[in-house]
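Given next are the chains, with one letter for each unit.
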Amino acid sequence: PYDMSASLVGSEMCIRDRIFRELYIHREDLPFQKESRKEQKTQIRLRKMLDYINEHYQEKISLEEVAASAGISSSEAGRCFQKYYGKAPIEYMIEYRLDQARRLLESSELSVKEIGFECGFYDPSYFTRIYRKHFGITPGNYRKYAGGER
């Protein structure tokens, strides 16, 4: 049976993710607010790390690689993400991968296993488990309810 509460949680996550994506896309158009030099430096580092994740999310990447993309330590990367996103860089990356997987489930002909691989989840059972934990529904069931089985 289909759990409506899981669908609502998934919908809320989808809306939140779309808002954050739009804010990220239009970040240059947002009103400028004078910030301290340290704050600006942190935002530049964060932008570099976000760009790295967006470009490499399909690969096996480590916290050290994400941090190195901004020229900082792993612990500093953790502080940056915690300050701006309230989560660790790896948590952000997993959520980004899951969002990409959700979009592929809605729009592609790839199998669930192939989508997992395409989004950086190289263990199909882990992909299913983390997808269900995050969205409250398995990837296969999400595909069924989101627009028909492929």
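The structure displayed is predicted, hence computed values, not measured ones.

Rules and cut-offs
Residues numbered from 1 in each chain as written. Predicted model: local features only at pLDDT ≥ 70, side-chain atom pairs only at ≥ 80, totals over all residues. Heavy atoms only, no water. Salt bridge = Lys/Arg side-chain N within 4 Å of Asp/Glu carboxyl O. Helix = DSSP H or I, 4+ residues; strand = E, 2+ residues; numbered from the N terminus. Buried < 20%, exposed > 50% of the residue type's maximum accessible area, 1.4 Å probe, protein only. pLDDT = per-residue confidence, 0-100. Core = buried A, V, L, I, M, F, W, Y, C linked by side-chain atoms within 4.5 Å. Contact = heavy atoms within 4.5 Å. Axes fitted to C-alpha atoms, helices over the stretch in contact; angles between N-to-C directions. Parallel < 35°, antiparallel > 145°, perpendicular 65-115°, else oblique. Nonpolar A, V, L, I, M, F, W, Y, C, P; charged D, E, K, R; others polar. Phe/Tyr/Trp six-rings, centres within 6.5 Å; stacked < 30°, edge-to-face > 60°.

Chemist: Before we move on, could you go through the pattern of salt bridges and cite the residues and values that matter?
Modeler: Inspection of the entire model under this criterion finds seven salt bridges. Among the salt bridges present, the one from Arg79 reaches Glu76, with a minimum N-O distance of 2.9 Å. With a gap of three residues between them, Arg79 and Glu76 both fall in helix α4 (residues 74-85), about one helical turn apart. For Glu76, a relative accessible area of 19% gives the class buried. Here Arg103 ties to Asp99 by a salt bridge, and the two come within 3.0 Å at their closest N and O atoms. One end of the pair, Arg103, and the other, Asp99, are both in helix α5 (residues 89-107), four residues apart, so they sit about a helical turn from each other. Taken together, the shared-partner salt bridges in this structure form one network comprising Asp17, Asp99, Arg102 and Arg103.

Chemist: Run through the confidence of the model for the protein chain, naming residues and quoting values.
Modeler: On average, residues of the protein chain score 87 in pLDDT, and 86% of them are at 70 or above. Of all the helices and strands in the protein chain, helix α1 (residues 4-25) carries the lowest mean pLDDT, 72, while helix α6 (residues 112-118) carries the highest, 97.

Chemist: So what's going on with the nonpolar core? Which residues, and what values?
Modeler: Of all hydrophobic cores here, the largest spans 31 residues; its most connected members are Met49, Leu98 and Tyr131. Looking at this core, the elements that each hand over two or more residues are α2 (37-56), α3 (63-68), α4, α5 and α7 (124-135). Element by element, the count of residues in this core is highest for α5, at seven residues. Each residue touching Leu98, except ones within four places of it in the same chain, is listed here: Phe121, Phe127, Ile130, Tyr131, His134 and Phe135.

Chemist: I'd like a rundown of the packing of α2 against α4, residues and numbers included.
Modeler: Close contact between α2 and α4 brings their axes to 10 Å; oriented N to C, the two are set at 95°. As far as their axial angle goes, α4 and α2 are roughly perpendicular. Residue-level inspection shows Glu39, Thr42, Gln43, Arg45, Leu46, Met49, Leu50 and Ile53 of α2 in contact with α4, the latter providing Glu76, Ala77, Cys80, Phe81, Lys83, Tyr84 and Tyr85. Residue classes in the contact of α2 with α4 are distributed as nine nonpolar, two polar and four charged.

Chemist: Kindly report on the packing of aromatic side chains, identifying the contributing residues and their values.
Modeler: A complete count under the given rule lists eleven aromatic pairs for this structure. Plain terms: the ring middles of Phe81 and Tyr92 are 5.5 Å apart, the flat faces sit at 55° to each other, and that makes the pair tilted. With Phe81 in helix α4 and Tyr92 in helix α5, the pair connects residues that are eleven residues apart, well separated along the chain. Taking relative accessible area as the criterion, Phe81 reaches 0% and is therefore assigned buried. Plain terms: the ring middles of Phe117 and Tyr122 are 5.9 Å apart, the flat faces sit at 50° to each other, and that makes the pair tilted. Classification of Phe117 by relative accessible area gives partly exposed; the value is 33%. The exposure class of Tyr122 is partly exposed, given its relative accessible area of 33%. Each member of the aromatic cluster is reached from another via a ring pair, and the members are Phe121, Tyr126, Phe127, Tyr131, Phe135 and Tyr142.

Chemist: If you had to explain the packing of α5 against α7 to someone new, which residues and values would you point to?
Modeler: Between α5 and α7, whose axes approach to 11 Å, the crossing angle comes to 95°. In terms of axis orientation, α5 runs roughly perpendicular to α7. Contact residues: Ile94, Glu95, Leu98, Ala101, Arg102 and Leu105 in α5; Tyr126, Phe127, Ile130, Tyr131, His134 and Phe135 in α7. Looking at the contact of α5 with α7 residue by residue, the class counts come to nine nonpolar, one polar and two charged.

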